[in-house]
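For reference, the chains in residue letters:
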Amino acid sequence: MIFQSSNSDLLENRESIINSDISIVGAGPAGITLAKELSKKNSIKISIIESGDLSFNLKRQKLNLGNCIDFGNYPHENYSITHARIRQFGGTSNVWAGWSGPLEEEDFLQKNWIEESGWPISYNDLKPFYEQSQSILNLSKFIYDESVFKYYPKYLSKNYLKDFKNIFWQFSDPPVKFNHKYFEYFKTKENINLFLNHTITDLVKVENKITEIICYKNNKEIKFRSKYFVLATGAIENASILLNFQKKNSQANYNNKNIGKYFMEHPHCTIGYGYTKNKNFISCYSKQKLKELDNVKFLSGIVIPKEVQKKNNITNCVSVLLPNNFLEIQSAVILRYNFALKAINLNLVNFIFQIIKEMKKIFLSLFEFFKNFISGKKKFYIISRIEQVPNSKSKVYLSENKNDFGNYLPVLDWNMKKQDLETLFVNFNEIKSKIENNKLAEIYPFDFIKKIENIKNDTTVKEWNKILKKEVFGVGHHMGTTRMGLDKDFSVVDKNLKVHEIDNLYCAGSSVFPTCGFINPTLTIVALSLRLADHLEKKN
């Protein structure tokens, strides 16, 4: 059942105490997956508490207000904290482009050249849930390695780069919007109650348990009481809720210094460009709809060998070869976001000025795009996304400013280490060397790589952060902040996602990632939610 949409007067006068077996805060991919899986057992009564509405609501979205210090301000100020997360039923899946893939087996392992790496669970622990997640995201079978090439036309597959590890993404068409796919299910399922426009303001802790969550709707206090509670609101909001709880309840005897720390993103950076006469080489690394794999689209990316990573003390990184570079055009990124949202969430005057400012860049990009159709020499761009090094100084913390519900607003201080820059630098040199040695293309560094080369020996980290902050695009892959681990001194939740020292509070979603790999997080978010559902079902 769905209650309390702003378009509905259902149960406006209901009791202010809601009882259930499990309360889930957040109705994005993590919360929806968890609720749907748990609801298969009809005896489990579930409350889902969502601050947003069924459709995008600018007033609700403004509850995401906060500040970004350095990184996170591209394509416009405070983008990562205010715009890259969506306060609406379905969460960020409402603007998701559908990129799906699992973390690699090596991503779960501790690497002695990367501080604080490693997960308390293994790839094999998660694999059955990865396989189960495929149907939730409308994907084909669980296949993401070079064996995908056998489904490609031979004139394409023979062009793949054998000097690299080739990985794949899958794309459902269209991308799964969780609000569209699961609305009817939630509407009719008797043991699920979805409460929209309900904003959490506090947790109540007695001894080692949370006894209730306090929310507000239309200035009315509503209490949710359950055996178990799950925070599934994303890495920034999960941290913000817990930090607010600590700040407002000093008497609660709960203070985990790791909450909000180790924030990670997948920095997207254009590291180079190239020219090739072999159009099949570029087509091999373009999206391909594969009939034998359920007509799902696949896209390949290249990863340098693990031996090179270890030798250079760098993290994992994937690069794609694309015929355009619209990520470098701020107005295009903003437009794509609003198009996917099917709403206007921008400052129109600033947007128009941005278009005017970038007019030359827009025309050049369009010229290149059409030139590629007629030219014998095809231009392509190398766009990389890296696994960010775990960094305790990269964090979410609270300001002294409050929103309308009395919650302290978050600040995102997203930081990168020089090890992250070295990852991009080494990747470019490896890609240039291997592609040119195979006489497939001529490769040139992009401005970003030139800047990295110039500041590699700069000992002032803050200085190069400022230099590069307009060059690094974070796409909304917010990870970390309530990281998973066995030791409560270095983590927030245990291997079952239970918050340390609180017996019935859990975190779901990418906030629990100890490391992030290079792959988009949605498939892993869904898999972890299925694993959590399995754990909670056994406890019920």
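Since this is a predicted model, take the numbers as computed values, not measurements. (Residues numbered from 1 in each chain as written. Predicted model: local features only at pLDDT ≥ 70, side-chain atom pairs only at ≥ 80, totals over all residues. Heavy atoms only, no water.)

Engineer: How do you make sense of the overall build of the protein when you look at a structure like this?
Structural biologist: Looking only at helices and strands, the protein has 16 helices and 20 strands in total. Taken over the C-alpha trace, the protein has a radius of gyration of 23 Å; the compact-globule value for 540 residues is 24 Å, and the two agree within 12%. With 540 residues in all, the protein has 60% of them scored as buried. Relative to all contacts within the protein whose residues are 6 or more apart in sequence, the contacts with residues 24 or more apart total 75%. Of the roughly 22,800 Å² of accessible surface on the protein, 51% is carried by carbon and sulfur atoms. (Helix = DSSP H or I, 4+ residues; strand = E, 2+ residues; numbered from the N terminus. Rg over C-alpha atoms; globule rule 2.2 N^0.38 Å. Buried < 20%, exposed > 50% of the residue type's maximum accessible area, 1.4 Å probe, protein only. Contact = heavy atoms within 4.5 Å. Areas by Shrake-Rupley, 256 points an atom, 1.4 Å probe, with all protein chains shown as cover.)

Engineer: Is there a simple way to think about the sheet that holds strand β2 (residues 17–19) in this case?
Structural biologist: Strand pairing in a sheet relies on backbone hydrogen bonds, with the paired strands running either antiparallel or parallel. The mixed open sheet is built from four strands, whose spatial order is β2-β10-β9-β8. Strands with a single pairing partner mark the edges of an open sheet, and in this sheet they are β2 and β8 (199–206). Strand-to-strand twist in this sheet, taken as the mean axis angle between neighbours without regard to direction, amounts to 25°. In terms of strand pairing, β2 meets strand β10 (residues 220–225) through three bridges, oriented parallel. (Pairing = 2+ DSSP bridges. Axes fitted to C-alpha atoms, helices over the stretch in contact; angles between N-to-C directions.)

Engineer: Would you explain unusual backbone geometry in this entry?
Structural biologist: With the exception of glycine, most residues fall at negative phi, and the peptide bonds are largely trans. For the peptide bond that leads from Asp-173 to Pro-174, omega is 0°, which places it in the cis range. For Glu-207, which is not glycine, the phi dihedral falls at a positive 55°. Its place among the elements puts Glu-207 in the loop between β8 and β9 (209–217). Exposure remark for Glu-207: the relative accessible area of 69% places this residue in the exposed category. In this model, Lys-439 sits at a positive phi of 55°, which is unusual for a non-glycine residue. Here Lys-439 is to be found in the loop between α13 (418–437) and β19 (442–445). Residue Lys-439 is classed as exposed on the basis of its relative accessible area, which comes to 75%.

Engineer: Whenever I open this one, helix α12 (residues 359–374) confuses me. Can you help?
Structural biologist: For α12, built from 16 residues, the straight-helix expectation of 22 Å at 1.5 Å per residue is met to within 8% by its first-to-last C-alpha distance of 23 Å. Residues of α12 that are buried: Ile-362, Ser-365 and Asn-372. In an axial view of α12, the angular spread of the buried residues amounts to 95°, which keeps them on one side of the axis. Turned more than 90 degrees away from the buried face of α12 sit Lys-360, Phe-363, Phe-367, Phe-370 and Ile-374, all of them exposed. (Expected span 1.5 Å × (residues − 1). Arc of directions from axis to C-beta.)

Engineer: For this particular structure, what's the right way to read the pattern of salt bridges?
Structural biologist: Charged atoms that come close allow side chains of opposite charge to pair. Counted according to the given criterion, the structure contains 18 salt bridges. We note a salt bridge from Lys-40 to Glu-37, for which the minimum N-O separation is 3.0 Å. By relative accessible area, Glu-37 is classed as buried at 18%. Residues Glu-501 and Lys-488 are paired through a salt bridge, measuring 3.9 Å at the closest nitrogen-oxygen approach. (Salt bridge = Lys/Arg side-chain N within 4 Å of Asp/Glu carboxyl O.)

Engineer: When you look at the packing of α13 against helix α14 (residues 447–455) in this model, what are you seeing that I'm missing?
Structural biologist: Between two packed helices, both the angle of their axes relative to each other and the distance between the axes serve to describe the pair. Two numbers describe how α13 lies on α14: the axes approach to 10 Å, and their chain directions differ by 125°. By the angle between their axes, α13 is oblique relative to α14. Regarding α13 and α14, the two cross each other, and that crossing is left-handed. Touching Lys-418, Leu-421, Leu-424, Phe-425 and Phe-428 of α13 are Phe-448, Ile-449, Ile-452, Glu-453 and Ile-455, all from α14. When its residues are assigned to classes, the contact of α13 with α14 shows eight nonpolar, no polar and two charged. (Parallel < 35°, antiparallel > 145°, perpendicular 65-115°, else oblique. Left-handed = near helix turned anticlockwise from the far one by under 90°. Nonpolar A, V, L, I, M, F, W, Y, C, P; charged D, E, K, R; others polar.)

None of this, on its own, says anything about what the molecule does.
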